[in-house]
Amino acid sequence: MSNALDRAPDADVPEFPMPRAAGCPFAPPPQMMRLHAERPVSRVRLWDGSTPWLVTRHADQRALYGDQRLSVDPTRPGFPHVSAAFQEALSKNPPSFLHMDDPEHARIRRMVTGPFIIKRIEAMRPAVQKMTDDFIDTMLAGPKPADLVEALALPLPSLVICELLGVPYEDHAFFQEKSAVGVRRDASPEETRAASGALLTYLDEQLQAKLAHPADDVLSDLAARTKTGELTRHEAAMLGLLLLGAGHETTANMIALGVLALLEHPDQLAVVRDTDDPKVLAGAVEEMLRYLTIVHNGQRRLALADIEIGGQLIRAGEGVIIPGATGNWDHDVFPDPERLDIHRDARRHMAFGFGVHQCLGQPLARLELQVAYRTLFRRVPTLRRATPLEEIPFKDDGVVYGIYELPVAW
């Protein structure tokens, strides 16, 4: 086993994150794919000068996701933070369960798994279908071109998560604005702190209201748990913040980016539009998740002990970044990964992570994507881009990749 990369000169340590190639909005950065081919466990340099390890192979990534010697706790020294704003925000507030190690992570996660079990999510399909149809009706009745992000991609998951959590949909503009600050890589520490503070105050007020007037929703359940002492009010508000933000931001980006990808691949679009087989539609969504991998800055971890992976020694106290895009474009697992193939068996993708920290809301995201893609192209078969591809504003500056605006016509 060699640690030659430990002694590599500064010039050999590339900056991370890495830019995507011009004109290739769906592919991982070419420099990252070169590292994947040549040095699948290698050092990269972050904004603060630190040099954590980038682990790119699918098999190595899965092994690390299941390794209890890696911590997700961002308060530990040496953790590879996304930005200064993220580092400061996490140092000022107790972490959400997303940033906790077991057993505390498992204790809190168990409290919010109930609403996301597949049977309960599937029961929401008729409601999600009606929401989707209503938003498309409004778009079709409005002017052309329309912004698909504003017309469907953002309001649909926003309304769904509002219904699930039990927060008023009329407040969606407020939490969308504040949540958007939270996932901007270039946001200042002051902006991030102000946005998260405003959201936490809002959710604390909602929890107080649920204590007085409980309903059949997630926030009411969290409020009840504060009465029993299972959660503090701050923990409950942090859980609400996590679910509210993750419940609309990621799915909204995936809807818009997926629609664009299908428009660029009309043969694959036709399969999604024309199929009556739920299994084909479900498989199409898995392939879209693999192909796009919108969490494009990698999952972050810190080694608590020495770990050997891919023939390389990662020492205790060193940071680790796991970029899902390279794992999902690994030729050994997904032949011809650069090809969008709706009929591919893509179930081994890691768009939602893997292991104990994998995304809690993935059943809900899958449902929304299945309904949104199929309904949109069935009802608007002539849908097309209304602006050149090179003029579409992509979210290269965000923690979650996506599109700011997608002008469409029909």
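Data block above holds the structure.
Since this is a predicted model, take the numbers as computed values, not measurements.

A. Expanded view of the pattern of salt bridges. Evaluation of the coordinates by the stated rule reveals 26 salt bridges. For R379, the salt bridge identified is with D133, shortest N-O distance 3.3 Å. In this pair, R379 sits in helix 16 (residues 362–379) while D133 sits in helix 6 (residues 125–141), placing the two residues 246 residues apart along the sequence. Residue R225 pairs with E230 through a salt bridge whose shortest N-O separation is 2.8 Å. In this structure R225 comes out as buried when scored by relative accessible area, which is 19%.

B. Looking closely at the packing of aromatic side chains. Within the structure shown, the criterion is met by 4 aromatic pairs. When the ring of F394 is compared with that of Y401, the centres are 6.0 Å apart and the planes differ by 15°; the resulting orientation is stacked. We note that F394, like Y401, is buried. An aromatic cluster of three or more residues is present, and its members are F26, Y291 and W329. The positively charged end of R20 is found above the aromatic ring belonging to Y401, 3.7 Å away from the centroid. The ring of Y404 has K395 sitting right over it, with the charged end atom 5.3 Å from the ring centre.

C. Quick look at unusual backbone geometry. Look at the link from D102 to P103: it is a cis peptide, with omega at 10°. With respect to the helices and strands, the residue P103 is situated in the loop between helix 3 (84–92) and helix 4 (104–109). Between K144 and the following residue, P145, the backbone shows a cis peptide bond with an omega angle of -5°. Despite not being glycine, D336 has its phi angle at roughly 50°, a positive value. Classification of D336 by relative accessible area gives partly exposed; the value is 39%.

D. The sheet that holds strand 5 (residues 299–303), seen in detail. What the 5 strands build is an open sheet, ordered 1-2-8-5-3; its pairing is mixed. Strands with a single pairing partner mark the edges of an open sheet, and in this sheet they are strand 1 (41–43) and strand 3 (70–71). Here helix 2 (residues 58–65) sits on the sheet in contact with strand 1, strand 2 (53–55), strand 3, strand 5 and strand 8 (319–322), set at roughly 125° to strand 8.

E. The arrangement of the environment of R34 in detail. Structurally, R34 can be placed in helix 1 (residues 30–38). Classification of R34 by relative accessible area gives partly exposed; the value is 47%. Taking the C-alpha atoms as reference points, R34 and I294, separated by 260 residues in sequence, lie 20 Å from one another.

F. Region of the structure containing the packing of helix 11 (residues 218–228) against helix 12 (residues 233–263). Two elements in contact, helix 11 and helix 12, have axes whose closest approach is 9 Å; the angle formed by their N-to-C orientations is 160°. As far as their axial angle goes, helix 12 and helix 11 are roughly antiparallel. The two elements helix 11 and helix 12 meet at a crossing, and its hand is right-handed. Between helix 11, through V218, L219, L222 and T226, and helix 12, the contact on the second element is made entirely by R233, A236, L239, G240 and L243. Counted by class, the contact of helix 11 with helix 12 contains 6 nonpolar, 2 polar and 1 charged residues.

Criteria and cut-off values
Residues numbered from 1 in each chain as written. Predicted model: local features only at pLDDT ≥ 70, side-chain atom pairs only at ≥ 80, totals over all residues. Heavy atoms only, no water. Salt bridge = Lys/Arg side-chain N within 4 Å of Asp/Glu carboxyl O. Helix = DSSP H or I, 4+ residues; strand = E, 2+ residues; numbered from the N terminus. Buried < 20%, exposed > 50% of the residue type's maximum accessible area, 1.4 Å probe, protein only. Phe/Tyr/Trp six-rings, centres within 6.5 Å; stacked < 30°, edge-to-face > 60°. Lys NZ or Arg CZ within 6 Å of the ring centre and 35° of its normal. Pairing = 2+ DSSP bridges. Contact = heavy atoms within 4.5 Å. Axes fitted to C-alpha atoms, helices over the stretch in contact; angles between N-to-C directions. Parallel < 35°, antiparallel > 145°, perpendicular 65-115°, else oblique. Left-handed = near helix turned anticlockwise from the far one by under 90°. Nonpolar A, V, L, I, M, F, W, Y, C, P; charged D, E, K, R; others polar.

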